[in-house]
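# Architecture and fold: a report
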Amino acid sequence: MRIIGTGSMLPQKMVTNEQLSQFVDTSDEWIRERTGIETRCVLSTESLEELATEAAKQALDDAGILPTQLDYIICSNMVNEYVIPSMASIVGGHIGSQCPAYDLNAACTGFLYAMDMAEALLQSGRAENILIISAEAPTRIVDWNDRRTCVLFGDGAAAVVVTRGNALRSIKVSSKSDKSVLYYRRSLEPTPFLIRDKNTGPLCMNGQEVFKSAVTSSLRDMQYVLKQANVNKDDVTYFVLHQANLRIIDFIKSHFGATDEQFPINVNRYGNTSSVSIPLLLDELNKNGKLRKGDLLVFSAFGAGFTSAACVIEWNKSAE
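Keep in mind that this is a model prediction, so the values were computed, not measured.

### A look at the pattern of salt bridges
- A complete count under the given rule lists 14 salt bridges for this structure.
- When the shortest N-O distance is used, the salt bridge between Arg169 and Glu314 registers 3.1 Å. Placement of the pair is Arg169 in strand S8 (residues 168-178) and Glu314 in strand S13 (residues 305-314), with a sequence separation of 145 residues.
- Here Arg169 falls in the partly exposed class, since its relative accessible area comes to 38%.
- Salt-bridge contacts for Lys287 lead to Asp283; the nearest nitrogen and oxygen are separated by 2.9 Å. Placement of the pair is Lys287 and Asp283 together in helix H9 (residues 277-287), with a separation of four residues, close to one helical turn.
- Taken together, the salt bridges that share partners define one network made up of Asp28, Arg32 and Glu38.

Spelled out as structure tokens, the structure:
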């Protein structure tokens, strides 16, 4: 594959650490020291499908193709107002596409899982153009009285259009079953044979274990894909990491021996937007003119599951 278009859309409401401290036992200093986050965007008047639709339209416009030229839409999504139909199908209806559309859930690693699936479809010859969307609203599943989780997350949507090409040098996706590290249990309706589950509630996270798993998996995955692609870390223009926590990113950067310039961030402005974070940061780099044809990029993400993934891809988008 190669990426030929990017797009993103965030909620209008931006919430500062100081605003959170008005109803949560926290402070700007406490949040910044532990996470590096200063602000985050949260859903208020708009819907997640509206954000996803706008991100998709931007990516299609950037790619210079029509919705009717899409062969598949794959959407990474954990939380949505609808269980069915899929977010991908809803967005497909909004943009006027006529192709198969489906969601996947690999938590914060979802965008890279979608890239892996798109690559398989392109290699098989079953597709020419694929729209990958990440649309997430993690602020809808946290306890807004729990400073350990509610201060971390932000909502948003981002998308890329991929087509056939030889830009993807290597990719690795993996999963290790461990519910205890990070989970959210949905409340389901009772049946005549099964009473309502009383053990549901907001997102639960073991912060220390998430940190250790994130660092270990990211370093392992990036080293693997660089070796598979026969690429030296010094030749990488940008390491585009999942924006979960600035401390995690800084630890990985230090251990990996890369420069500050190679590790762009936006977690300070948007918080953890789950699977949206990588395509959101990529869209920022694209729109700000930071990417040049031939640049080598490394993506790396980790999330509940415990899932992880990384890839090496060349920025092979034609210049305007």
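Right, picking up where we left off after that structure.
### A few points about the pairing of strand S11 (residues 238-241)
- Burial along S11 is two-sided: the residues Tyr238 and Val240 and Phe239 and Leu241 are all buried.
- As defined by bridge partners, S11 adjoins strand S12 (residues 296-303) across four bridges and the pair is classed as parallel. Residue pairing across strands places Phe239 opposite Val298, the latter belonging to S12.

### Overview of the sheet that holds strand S7 (residues 156-163)
- If you walk across this open sheet you meet the five strands as S1-S7-S6-S4-S5, and the pairing is mixed. The open sheet terminates on both sides in strands that have one partner only, identified here as strand S1 (2-9) and strand S5 (101-104). The mean angle between the axes of side-by-side strands here comes to 20°, regardless of whether they run parallel or antiparallel.
- When strand S4 (residues 72-76) meets S5, the two strands line up parallel, connected through four bridges. Residue Cys75 lies in a different strand from S5, and its bridge partner there is Asp103.
- Its contacts with the sheet place helix H5 (residues 110-124) against S4, S5, strand S6 (129-136) and S7, and it is angled at close to 165° to S6.
- Sheet contacts for H9: S1, S6 and S7; angle to S1, the most-contacted strand, approximately 100°.

### What to know about the state of the cysteines
- Tallying each qualifying case throughout the model produces zero disulfides.
- Looking at the unpaired Cys41, the closest cysteine sulfur is the one in Cys150, lying at 16 Å.
- Free cysteine: Cys99, not disulfide-bonded; nearest cysteine sulfur from Cys75 at 12 Å.

### Side note on the packing of helix H6 (residues 207-229) against helix H7 (residues 246-256)
- Across the interface, H6 lies against H7 with an axial gap of 10 Å and an inter-helix angle of 40°. When the axes of H6 and H7 are compared, the pair comes out oblique. The way H6 lies across H7 gives a crossing that is right-handed. Contacts between H6 and H7 involve Phe211, Ala214, Val215, Ser218, Leu219, Met222, Gln223 and Leu226 from the former and Arg247, Ile248, Phe251, Ile252, His255 and Phe256 from the latter.
- Residue composition of the contact of H6 with H7, by class: ten nonpolar, three polar and one charged.

About the criteria used
- Residues numbered from 1 in each chain as written.
- Predicted model: local features only at pLDDT ≥ 70, side-chain atom pairs only at ≥ 80, totals over all residues.
- Heavy atoms only, no water.
- Salt bridge = Lys/Arg side-chain N within 4 Å of Asp/Glu carboxyl O.
- Helix = DSSP H or I, 4+ residues; strand = E, 2+ residues; numbered from the N terminus.
- Buried < 20%, exposed > 50% of the residue type's maximum accessible area, 1.4 Å probe, protein only.
- Pairing = 2+ DSSP bridges.
- Axes fitted to C-alpha atoms, helices over the stretch in contact; angles between N-to-C directions.
- Contact = heavy atoms within 4.5 Å.
- Disulfide = S-S within 2.5 Å.
- Parallel < 35°, antiparallel > 145°, perpendicular 65-115°, else oblique.
- Left-handed = near helix turned anticlockwise from the far one by under 90°.
- Nonpolar A, V, L, I, M, F, W, Y, C, P; charged D, E, K, R; others polar.

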